[in-house]
Amino acid sequence: MFPNLKCYCSSSLITPLYIVNHGETGPIRCNRCKAYMCPYMQFMDGGRRYQCGFCSCVNEVPVQYFQHLDHMGRRMDLYERPELSLGSYEFIATLDYCKNNKPPNPPAYIFMIDVSYNNIKSGLVKLICEELKTLLDRLPKEEGAETSPIKVGFVTYNKILHFYNVKSALAQPQMMVVSDVAEMFVPLLDGFLVNFQESRAVVNNLLDQIPDMFADTNESETVFAPVIQAGVEALKAAECSGKLFIFHSSIPTAEAPGKLKNRDDRKLVGTEKEKTLFQPLRGVYEQLTKDCVAQGCCVDLFLFPNQYVDIATVGDVPSHTGGSIYKYSNFQVEVNGQQFVSDLRRDVEKSIGFDAIMRVRTGTGFRATDFFGAVYMNNTTDVEMAAVDCDKAVTVEFKHDDTLSEESGAVMQCALLYTTIGGQRRLRIHNLSLNCSSQLSELYKSCETDALINFFAKSAYRAMLNQPLKTVREILVNQTAHMLACYRKHCASPSAASQLILPDAMKVFPVYMNSLLKTPTLVGSTELSTDDRAFHRLLVNAMGVEETQVLLYPRLIPLHTMDVSSDAIPAPVRCSEERLSESGIFLLENGLSMFLWLGQACPPDLIQNLFNVPSLGHLSSEGMSLPVLDNAHSRKIHSIISSISQQRATSMKLLIVKQKDRSEMLFRQHLVEDKGLHGGASYMDFLCYVHREIRQLLT
């Protein structure tokens with residue numbers, strides 16, 4: 001069983017959860033296993049005691065929680081109490097659940113901008129400063145609150161760090177420089193973290209000045225680890241949790257802790273040592289991760305590399321603190337500016353909780369054994385996250401080590417303790433009860449293929465840090481063959497051995513598995529950049545089921561036959577070159593990239609409606625864009641693109657490719673049913689190979 005627990009939901013998309021407040025006594029829990037009060041607790045003895053649904057321990061009901069039972073043995077207030085009648089709800093936590101038994105302070109956001117030569121020259125620093133002026137008005141706030149309680153702070157850096165005092169009483173911001181990056185400290189306490197509404201004038205003044213201050217810089221070397229250290233120290237001093245937004249462009253080669261050197265050796269691809277390319281450098285960065293998690297300091301990293309930056313290492317802290325990593329290679333304001341700004345806006349505005357710790361409890365017979373996500377594990381049961389937001393999912397693997405009862409089923413409870421934006425400590429509880437069966441056929445009937453492939457992707461991406469990629473790929477194929485052979489042997493009706501029989505619920509499993517084997521991370525080609533492969537690996541690690549589903553099987557949507565009067569998005573077709581037609585236009589998206597493919601024989605009137613030019617020949621192959629025009633076709637396509645973009649966690653830059661152009665190669669590598677450009681079988685070849693493996697296992 002591989003439930004994928006999406007821990008934190010955006011309140012704009014679903015009804016907010018009911019909040020239960022038991023006052024100073026706090027939530028009611030089982031004395032033995034510490035499970036929280038939920039619908040699986042069985043009340044007895046006229047309502048004076050209850051039996052825990054997880055460990056069967058019989059507990060006394062606290063006096064203030066007592067309620068009589070009806071003739072069915074249910075509490076009279078069953079439907080008035082969310083914790084007795086709902087699967088998900090929240091408890092307000094007492095001081096016992098807070099650090100040092102003190103209520104937490106509201107969090108802080110610290111913006112840390114790399115002002116080295118490349119970022120100034122590309123116009124990035126100016127863009128960030130301009131955007132922040134409006135964005136700081138849109139910091140997340142509690143439901144119904146007028147303003148956001150989040151404090152903000154600013155740091156710029158290259159080889160040294162510059163801190164800014166933006167206290168509201170100042171006429172001008174003040175800069176303080178720390179050049180001793182080996183012993184990092186924050187040179188000021190008062191005035192570094194401020195309320196934006198109160199210090200608006202000084203902050204805007206600072207954001208106007210930063211691009212000019214460094215306009216003539218020639219400094220191209222940067223530090224990185226001391227930047228994170230500075231952020232953690234600042235949050236420690238303010239006794240709060242928070243998030244660092246780091247805008248960084250190059251491998252940190254300046255003399256400082258965490259200095260890195262280029263270890264991008266493509267000669268290792270395909271060898272036993274290939275795994276070392278993806279292993280982060282330990283030491284300084286490992287300690288930083290621990291410090292961040294202990295402080296509730298989440299790191300979000302925006303990378304703007306022109307060459308290798310060692311994403312495996314610089315992305316390690318974000319990927320263990322509930323952070324996100326964004327990458328814009330060879331950044332140019334006019335090309336990637338809009339995509340970056342969209343990502344930054346969403347990242348600053350999204351629903352988030354801080355200083356989180358999660359535990360999954362289960363009934364007897366099975367237990368949670370492994371956790372995959374942007375999390376930190378100090379022991380085998382506590383999943384720690386410096387922050388948890390609406391785009392992150394934790395995949396949990398369960399193993400059953402004893403008999404499960406078909407009558408009572410398997411129950412589990414996920415409890416997430418976190419701090420809200422307003423600085424309130426809360427417990428979010430999710431309860432789930434699953435049916436159990438002794439019949440294998442029942443298991444295959446209700447198998448959840450999308451969750452299964454999410455689990456396989458995450459476990460393979462973890463295994464590749466310790467095993468050769470060839471071994472990891474072989475294990476994936478073997479597991480696929482074993483699962484399907486088991487079905488064939490125990491569940492399928494007898495038929496010729498030459499026939500491939502798949503369970504209904506797993507019909508698409510082989511196509512997903514083949515696609516996973518062809519991902520940049522697992523395919524192992526010297527043509528792919530090591531950073532791109534490491535980046536892809538870290539992204540997938542935090543993804544939910546829906547994201548891995550569309551990543552491994554992109555949507556290919558025909559637009560030339562669409563009904564412009566309908567609101568619906570046209571149905572996608574199979575992701576193969578066979579489905580493309582020379583006279584067609586197709587949109588392809590996988591949650592990270594988006595392409596508009598134009599067939600050679602596209603009708604001129606369609607091209608006129610979309611691009612305002614008479615025919616395909618009039619479109620230049622370089623840097624095409626899709627204008628907004630006042631006609632039904634243009635409006636419909638823009639509406640489809642906008643609707644898809646809203647469903648995705650990151651902004652996708654639209655690439656327009658013409659059939660037979662050089663840029664078409666980028667598009668073709670996403671046609672996952674075909675042979676992979678960098679290696680990897682077509683879907684049909686993979687299916688034949690798996691079938692051979694199954695037959696071998698059965699004989």
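These numbers were taken from a predicted model, which means no experiment stands behind them.

### Concerning the overall build of the protein chain
Across its full length, the protein chain holds 19 helices and 25 strands. For a compact globule of 699 residues, the expected C-alpha radius of gyration is about 27 Å, and the protein chain comes in at 27 Å, within 12% of that figure. For the protein chain, the C-alpha atoms occupy an extent of roughly 80 × 75 × 55 Å along the three principal directions. Within the protein chain, the fraction of its 699 residues that count as buried is 54%. Sequence-distant contacts in the protein chain: of pairs separated by 6 or more residues, those separated by 24 or more amount to 72%.

### Describing the UniProt feature "domain: Sec23/Sec24 helical" (unreviewed entry) in the protein chain
If you check UniProt for "domain: Sec23/Sec24 helical" (unreviewed entry), the listed places come out as residues 449-548 in our numbering. The straight-line gap between the two end C-alpha atoms of residues 449-548 is 11 Å; of that span, 66% is helix and 0% is strand.

### Brief notes about the environment of V341
Within the secondary structure, V341 is located in helix α8 (residues 333-349). A relative accessible area of 5% places V341 in the buried class. As for V341 and N204, which are separated by 137 residues in sequence, their C-alpha atoms are 18 Å apart. With near-sequence residues (within four places) excluded, V341 lies in contact with L127 and E131.

### Notes on the pairing of strand β6 (residues 88-92)
The element β6 is largely enclosed, with a buried count of 4 among its 5 residues. Note that strand β2 (residues 19-20) and β6 share 2 bridges and pair parallel. When the bridges of β6 are listed, V20 appears paired with F91. The sheet contact formed by β6 and strand β21 (residues 425-434) spans 5 bridges and is antiparallel. Across the sheet, the residue bridging to F91 is L427, located in β21.

### Concerning the nonpolar core
Among the nonpolar cores identified, the biggest contains 105 residues, and F163, I228 and I246 are the most heavily contacted of them. Discounting chain neighbours no more than four positions away, the residues touching I246 are M112, Y157, F224, V227, I228, V299, D300, L301 and F302. Core analysis: the second largest hydrophobic core is formed by 44 residues, Y164, V166, L207 and L344 among them.

### Comments concerning the sheet that holds strand β18 (residues 383-389)
Taken together, 7 strands build an open sheet; the order of strands is β2-β6-β21-β20-β15-β18-β17 and the sheet is mixed. For this open sheet the edge positions go to β2 and β17 (376-377), each flanked by a neighbour on one side alone. Bridge count between strand β15 (residues 352-362) and strand β20 (residues 410-419): 7 bridges; the pairing is antiparallel. Counted as the bridge partner of R359 is A415 from β20.

### As for the packing of helix α10 (residues 449-463) against helix α14 (residues 530-541)
Two elements in contact, α10 and α14, have axes separated by 9 Å at closest approach and are oriented at 135°. It follows that α10 is oblique to α14 by the angle criterion. In terms of crossing hand, the pair formed by α10 and α14 is left-handed. Residues A457, K458, Y461 and R462 of α10 lie in contact with α14, whose contacting residues are H536, R537, V540 and N541.

### Quick look at the packing of aromatic side chains
Considering all chains together, one arrives at 28 aromatic pairs under this definition. Ring geometry for Y36 versus F91: centroids 6.2 Å apart, planes at 35°, classification tilted. Of the two residues, Y36 is situated in the loop between β2 and β3 (42-44) and F91 in strand β6; the sequence distance between them amounts to 55 residues. Grouped by ring-pair contacts, the aromatic residues F247, F302, F304, Y326, Y328, F331 and F340 constitute a single cluster.

### Brief notes about helix α4 (residues 196-213)
For α4, built from 18 residues, the straight-helix expectation of 26 Å at 1.5 Å per residue is missed by more than 12%, its first-to-last C-alpha distance being only 22 Å. Of the residues making up α4, those classed as buried are F196, S199, V202, V203, N204, L206, L207, I210 and P211. N-cap assignment for α4: the residue whose side-chain oxygen lies 2.8 Å from the backbone N of Q197 is N195.

### Some points on a nonpolar patch on the surface
A cluster of nonpolar side chains, namely M175, V177 and M213, defines an oily patch on the protein surface of about 240 Å² accessible area. Mapped onto the elements of the fold, M213 is located in helix α4.

### Examining the side chain of K243
Mapping K243 onto the fold places it in strand β12 (residues 240-248). Given a relative accessible area of 1%, K243 falls into the buried group. Only 2.8 Å separates the side chain of K243 from the side chain of D300, close enough to count as a polar contact. Setting aside residues up to four positions removed in sequence, K243 forms contacts with A108, Y109, I110, C298, D300, D347, K350, I352 and F354.

Rules behind the numbers
- Residues numbered from 1 in each chain as written.
- Predicted model: local features only at pLDDT ≥ 70, side-chain atom pairs only at ≥ 80, totals over all residues.
- Heavy atoms only, no water.
- Helix = DSSP H or I, 4+ residues; strand = E, 2+ residues; numbered from the N terminus.
- Rg over C-alpha atoms; globule rule 2.2 N^0.38 Å.
- Buried < 20%, exposed > 50% of the residue type's maximum accessible area, 1.4 Å probe, protein only.
- Contact = heavy atoms within 4.5 Å.
- UniProt positions renumbered as here; feature names shortened; annotations may be inferred.
- Pairing = 2+ DSSP bridges.
- Core = buried A, V, L, I, M, F, W, Y, C linked by side-chain atoms within 4.5 Å.
- Axes fitted to C-alpha atoms, helices over the stretch in contact; angles between N-to-C directions.
- Parallel < 35°, antiparallel > 145°, perpendicular 65-115°, else oblique.
- Left-handed = near helix turned anticlockwise from the far one by under 90°.
- Phe/Tyr/Trp six-rings, centres within 6.5 Å; stacked < 30°, edge-to-face > 60°.
- Expected span 1.5 Å × (residues − 1).
- Polar contact = N/O pair within 3.5 Å; in protein donor to acceptor, adjacent residues only side chain to side chain.
- Patch = residues over 30% accessible without salt bridge, like charges linked within 9 Å, V, L, I, M, F, W, Y side chains within 5 Å.
- Areas by Shrake-Rupley, 256 points an atom, 1.4 Å probe, with all protein chains shown as cover.
- Salt bridge = Lys/Arg side-chain N within 4 Å of Asp/Glu carboxyl O.

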